[in-house]
Amino acid sequence: MKIATFNINGINQRIANLLAWLEEARPDVACLQEIKCTNAAFPHETLAKAGYRAVWSGQGANHGVAILARDLDPIETRRALPGDPLDHEARYIEAAVDGVLIGCLYLPNGNPQPGPKFSYKMAWFERLLAHAASLRRDDVPAVLAGDYNVVPTDHDIYAMRSWLDNALVQPAPRAAFAALLRAGWTDAIADLHPDGRVYTFWAYLRQSWTRDAGLRLDHLLVSPALVSRLVAGGVDRAVRGVDNASDHAPVWIDLLD
């Protein structure tokens, strides 16, 4: 079972890129973030023609998440992160696919920090920790995949000097991410590539892509019930280099059946 996550940064603007990647990579499940469209404008018919059925939560020009499943109907179980009924930002959706619970998330960026956006980021992270703990208590076979907007360690960024004040590298979100790992979740890419620098995001500024000035922001966290099935994973870096590319590349893992 191949599970991927991809911050598409505008699904309708980059539908050709998405379809080309789906055809080549053929993930069984694809979690998308920043779809940046209304629910009505989500291209579900186009994706269905390509063999992918979907559940999604859109929010116009902002945020938005979706889960695609190849030749299967994803069974939606949740379309918001629990813990704050007043939070209406489209940042989380969850579905069961072929016996695995898939949580697709787009964690708040948090910039500028300090300030209300960073406070919202950390409050959202606390809710994610609580929900992840409930999945662990029930021993759910689950993958929490998405753009976490966290660089877990200095090893996950090309250089710290230009990012010291950025919300992506602050101690608090790093500590929250580490708390997920201590609670039993496995950072699949870090686990599979312990010695290599693996990036998933290259900013549009300062020739970041051509300089390989990347960051690892996109993560797939695997529950203990599934970790023994984890056999491979990586980043489809070439997708970042095509015309009209997102500033993120797809990240994927393979689980044994």
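Criteria and thresholds
Residues numbered from 1 in each chain as written. Predicted model: local features only at pLDDT ≥ 70, side-chain atom pairs only at ≥ 80, totals over all residues. Heavy atoms only, no water. Buried < 20%, exposed > 50% of the residue type's maximum accessible area, 1.4 Å probe, protein only. Helix = DSSP H or I, 4+ residues; strand = E, 2+ residues; numbered from the N terminus. Pairing = 2+ DSSP bridges. Right-handed = clockwise from strand over helix to strand, strands pointing away.

### Remarks on the pairing of strand β8 (residues 142-147)
In terms of residue burial, β8 counts as a mostly covered element, since six of its six residues are buried. Relative to β8, strand β7 (residues 100-106) is paired through six bridges, and the arrangement is parallel. Each residue of the ladder has a partner; that of Gly103, found in β8, is Leu144. For the handedness criterion, the β-α-β arrangement of β7, helix α3 (residues 116-137) and β8 is classed as right-handed.

### Describing unusual backbone geometry
A cis amide bond links Asn111 to the next residue, Pro112, at an omega of -5°. Tracing the sequence through the fold places Pro112 in the loop between β7 and α3. That bond from Gln113 to Pro114 is cis: its omega, -5°, falls within 30 degrees of zero. Looking at the element boundaries, Pro114 is found in the loop between β7 and α3. Notably, His63 is not glycine yet its phi reads approximately 55°, a positive angle. Its location among the elements puts His63 in the loop between β3 (52-57) and β4 (65-70). A relative accessible area of 16% places His63 in the buried class. At Asp71, a position not held by glycine, the phi torsion is positive, near 60°. The residue Asp71 is located in the loop between β4 and β5 (75-78) in this model.

By themselves these figures say nothing about function.
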